[in-house]
Amino acid sequence: MNRNYLLPAYLYVGPFKYAIITDNDAINAKQLSINNQFAGCADHDELAIYVKSDMPLAFVQDTLLHELRHCVNHAVGIDGCTELTQEDYISRTNALFLGTLQDNPEVVEFMTLKED
Ligand SMILES: [Zn+2]
């Protein structure tokens, strides 16, 4: 089923509070401003995560988790890094990833919803 899911309003990643934006007009404006179509986009300068919410639930959840992980990568300073081994990548990101899950119970609750 496709509908507009109600996502949590914020995501905390360490000291950073990202607004989660699902408004279609805001998403369209962002897509125009960066000249790119997306299902999700994390803007670390404006502390905003854009997520299209009119997709099947699993796509919305996958998109939000994808952007959450970009935010964690940014916070630990490995945004865009492609040279880490899998073990190094996990070691560098794991504690903040766990802390982000612990600091955002509403996001975890949304991520673990299942379609009826
Ligand atoms: Zn990405």
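Peer 1: Would you mind showing me how to read the overall build of the protein chain here?
Peer 2: Across its full length, the protein chain holds four helices and four strands. Each helix and strand of the protein chain, placed in order from N terminus to C terminus, yields the pattern β-β-α-β-β-α-α-α. A compact globule built from 116 residues should have a C-alpha radius of gyration of about 13 Å, and the protein chain, at 14 Å, falls within 12% of that. Looking at the protein chain as a whole, 21% of its 116 residues qualify as buried. Contacts spanning at least 24 positions in sequence make up 59% of the contacts within the protein chain whose residues lie at least 6 apart.

Peer 1: Even after reading the chapter, I still don't get the nonpolar core, so can you show me in this structure?
Peer 2: Note that soluble globular proteins tend to have their nonpolar side chains buried in a common cluster. If you look at the biggest cluster of nonpolar residues, it comprises 17 residues, and the most contacted ones within it are L11, Y18, I20, I49, V51 and C71. Every element with two or more residues in this core is listed here: β1 (10-13), β2 (16-21), β3 (40-43), β4 (48-51) and α2 (57-75). Among the elements that take part in this core, α2 stands out by supplying five residues, more than any other. If sequence neighbours within four positions are ignored, V51 has contacts with L7, I20, T22, G40, V60, T63, L64 and E67.

Definitions and limits used
Residues numbered from 1 in each chain as written. Predicted model: local features only at pLDDT ≥ 70, side-chain atom pairs only at ≥ 80, totals over all residues. Helix = DSSP H or I, 4+ residues; strand = E, 2+ residues; numbered from the N terminus. Rg over C-alpha atoms; globule rule 2.2 N^0.38 Å. Buried ≥ 20, exposed ≤ 12 C-beta atoms within 10 Å, placed from the backbone. Contact = placed C-beta atoms within 7 Å. Core = buried A, V, L, I, M, F, W, Y, C linked by C-beta atoms within 7 Å.

Just distances and angles here, no functional claims.
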